[in-house]
Every structure is written in structure tokens, then in C-alpha cells.
Amino acid sequence: MKKGLFITFEGLEGCGKTTQAKMLFDFLIKQKIPSIYTKEPGGTKIGDKIRKILLDQKNDGMDYKTEMLLFLASRAENVRLIILPALEEGKVVISDRFYDSTTAYQGYGRGIDLKITKHLNNLVVGKAIPDLTFILDIDPYEGLRRSASFGNSREMRFEEEFINKKIIGGKLFLERVRQGYYQLSYEEIERIKIIDANRSKEDIFEEIIKIVNKKLAYLVN
Ligand code: TYD
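Residues numbered from 1 in each chain as written. Predicted model: local features only at pLDDT ≥ 70, side-chain atom pairs only at ≥ 80, totals over all residues. Heavy atoms only, no water.

The protein chain is annotated in an unreviewed UniProt entry as Thymidylate kinase from Candidatus Sediminicultor quintus. According to the UniProt record, the Sequence similarities (unreviewed entry) comment for the protein chain reads "Belongs to the thymidylate kinase family." Per UniProt, the comment on the protein chain under Catalytic activity (unreviewed entry) is "dTMP + ATP = dTDP + ADP". (UniProt positions renumbered as here; feature names shortened; annotations may be inferred.)

Take a look at the structure:
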């Protein structure tokens, strides 16, 4: 039986979700609320190896299906080894990206059939369904500009690709991903909150913490 609280952070490159996820983690730890932070792709021994394959610029041209299956493989390890055990112990789990990334990037972005992404996502996550998801919404060009200024050059396959092959089906790839996130938020208004990321990190955090506190109060009562 799942007892903890599962919170995920989503959004385009450069939206600041990692900063917010870490701020939330630090905040919860200061409040002495048992919490863990994990990220995707990665988070486990196998997941970290998969992350290297996925983000390595030398792997340019990877088949979209290979890419999707690698993300899912990384997630399966993360769910089994990190997320579910922590939730069963009643902890707050914060994940920097989770299954909505696959729907948005591989489904809406790459154009893989949404029925397939949904089915495989469900297979991989089992009971580890997020209780709360923050999508940090940012203009794709602004996000790319921000992420290019602090990027790790060895892990830039995605950024490279988004810049160089940016128009797919008449639309910037990241614009389709953004629309995918919007669509998800319309379908699950209780779970998914769109947060305007075009503000100071303090203002964004204030909005996030209000929503988290409401959930935590609900959990305790
Ligand atoms: P990462 O370096 O973690 O970037 P970010 O800081 O934006 O999270 O790279 C992860 C990249 O992988 C990012 O471009 C989003 C993409 N991604 C998918 O395409 N599908 C997925 O399921 C996940 C988890 C990530």
C-alpha cells in the first residue's frame, strides 16, 4: 500500500524545474519531513548508464523507438529501486521528470502513438502514480537560451537536436512538447498544475509550496 506523497516536476529545457525540485526537497528536509529526490533519466546504477547513452551527442540519429524504450527502462529501475520503496515507507518522493516527459516528448514531440506511450508508461510505473505534478511552463526559445548558458557539453544531445532539427511537421519540436504538456494538464486538472516559469525562482517557489502544503495537510488528516 502506497503511503507517501509522490511529486513530479516537468517542463521544457531551461524551465528551472531542477532548481524548484531541489528547493522543495531542501524545504521538506528542513521541516523534518522524510523525503527523497530522484531524477530521470538516471537515479539508479543502470539508469545512470542509460542516461549516458541517451544524452551522448555521439548517439545522434538514435531511432525514436530505441530512445523511448531506454527512457522507460531507466524509469522501471527508478520505480522499483527508489520510488516505490520510499513511498511505502511514507516518504515524500520528488522526481525531476517522470512519465509525463515520455508522453510529451516521445508521444506529442516525436509522434509515437499515444496509446503505445500510455500503455508502456503504465506497465513501467505500476502503482507509482504521481499525486502532484508541476509543469513549469516556458517559451521554448527562452528555455533553450537559458539551458545553453548552463549546459554540460557532453550531455547536450537533446539540446543540440532541438536547435538543429527544430522544425518537425511545421512546428518547433519543443512547441509540440509544450502543447502535449498543456493537453495532459487539461486531462488531469487535479494532479497537474501549470506554473508560469517566467518569474523569479522565489515567486515560483511560493506558488509551489502553497500547493504542496495543501496536499501535505490533506495527507496528515
Ligand atoms: P536532462 O539533461 O535531464 O535535461 P533536463 O534538465 O531538461 O531534464 O535531459 C533529459 C532530456 O530527456 C530532456 O530533453 C527531456 C528528455 N526526456 C524525454 O525525451 N523523455 C523522457 O521520458 C524523459 C524522462 C526525458
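**Topic: the pattern of salt bridges**
Going through the model one piece at a time under the given rule, you end up with 13 salt bridges. For Glu142, the salt bridge is made with Arg145, and the minimal N-O distance between the two is 2.9 Å. Placement of the pair is Glu142 and Arg145 together in helix H6 (residues 140–150), with a separation of 3 residues, close to one helical turn. Counted as one network, the salt bridges with shared partners bring together Asp100, Glu188 and Arg191. (Salt bridge = Lys/Arg side-chain N within 4 Å of Asp/Glu carboxyl O. Helix = DSSP H or I, 4+ residues; strand = E, 2+ residues; numbered from the N terminus.)

**Details of the UniProt feature "binding site: ATP" (unreviewed entry) in the protein chain**
The positions UniProt marks with the feature "binding site: ATP" (unreviewed entry) are Gly11, Leu12, Glu13, Gly14, Cys15, Gly16, Lys17 and Thr18. Of note, Leu12 is situated in the loop between strand S1 (5–11) and helix H1 (17–30). In this structure Leu12 comes out as buried when scored by relative accessible area, which is 4%. Topologically, Gly14 is positioned in the loop between S1 and H1. (Buried < 20%, exposed > 50% of the residue type's maximum accessible area, 1.4 Å probe, protein only.)

**Focus on helix H4 (residues 99–109)**
Burial analysis of H4 places 10 of its 11 residues in the buried class, which makes it a mostly covered element. Considered for burial, the residues of H4 that qualify are Tyr99, Asp100, Ser101, Thr102, Thr103, Ala104, Tyr105, Gln106, Gly107 and Gly109.

**Topic: unusual backbone geometry**
For the bond from Glu40 to Pro41, the omega torsion is -5°, close enough to zero to count as cis. Inspection of the secondary structure puts Pro41 in the loop between strand S2 (35–39) and helix H2 (45–55). Its identity as a non-glycine residue notwithstanding, Lys32 has a phi of 65°, on the positive side. Summarising the element assignment, Lys32 is placed in the loop between H1 and S2. Residue classification places Lys32 among the exposed residues on the basis of a relative accessible area of 74%. For Arg97, which is not a glycine, the phi torsion comes out positive at approximately 75°. Within the secondary structure, Arg97 sits in the loop between strand S3 (92–96) and H4.

**Some points on the site of the ligand**
Glu13, Lys17, Arg97, Thr102 and Gln106 are the nearest of the 16 residues found near the ligand. One of the side-chain nitrogen or oxygen atoms of Lys17 is found 2.8 Å away from an oxygen atom of the ligand. Of all the secondary-structure elements, those providing two or more residues to the shell around the ligand are H2, helix H3 (64–88), H4 and helix H7 (157–164). Per-element tally for the shell around the ligand: the top contributor is H4, with 4 residues. Counted by class, the shell around the ligand contains 6 nonpolar, 3 polar and 7 charged residues. (Near = heavy atom within 4 Å. Polar contact = N/O pair within 3.5 Å; in protein donor to acceptor, adjacent residues only side chain to side chain. Nonpolar A, V, L, I, M, F, W, Y, C, P; charged D, E, K, R; others polar.)

**Quick notes on the packing of H4 against helix H5 (residues 114–125)**
Closest axis-to-axis distance for the H4/H5 pair is 10 Å, and the angle between their directions is 155°. Of the possible angle classes, the one that applies to H4 and H5 is roughly antiparallel. Every pair of crossing elements has a handedness; the one defined by H4 and H5 is right-handed. Counting all contacts with H4, which are made through Tyr99, Thr102, Thr103, Gly107 and Tyr108, the residues of H5 involved are Leu114, Thr117, Asn121, Asn122 and Val125. (Axes fitted to C-alpha atoms, helices over the stretch in contact; angles between N-to-C directions. Parallel < 35°, antiparallel > 145°, perpendicular 65-115°, else oblique. Left-handed = near helix turned anticlockwise from the far one by under 90°. Contact = heavy atoms within 4.5 Å.)

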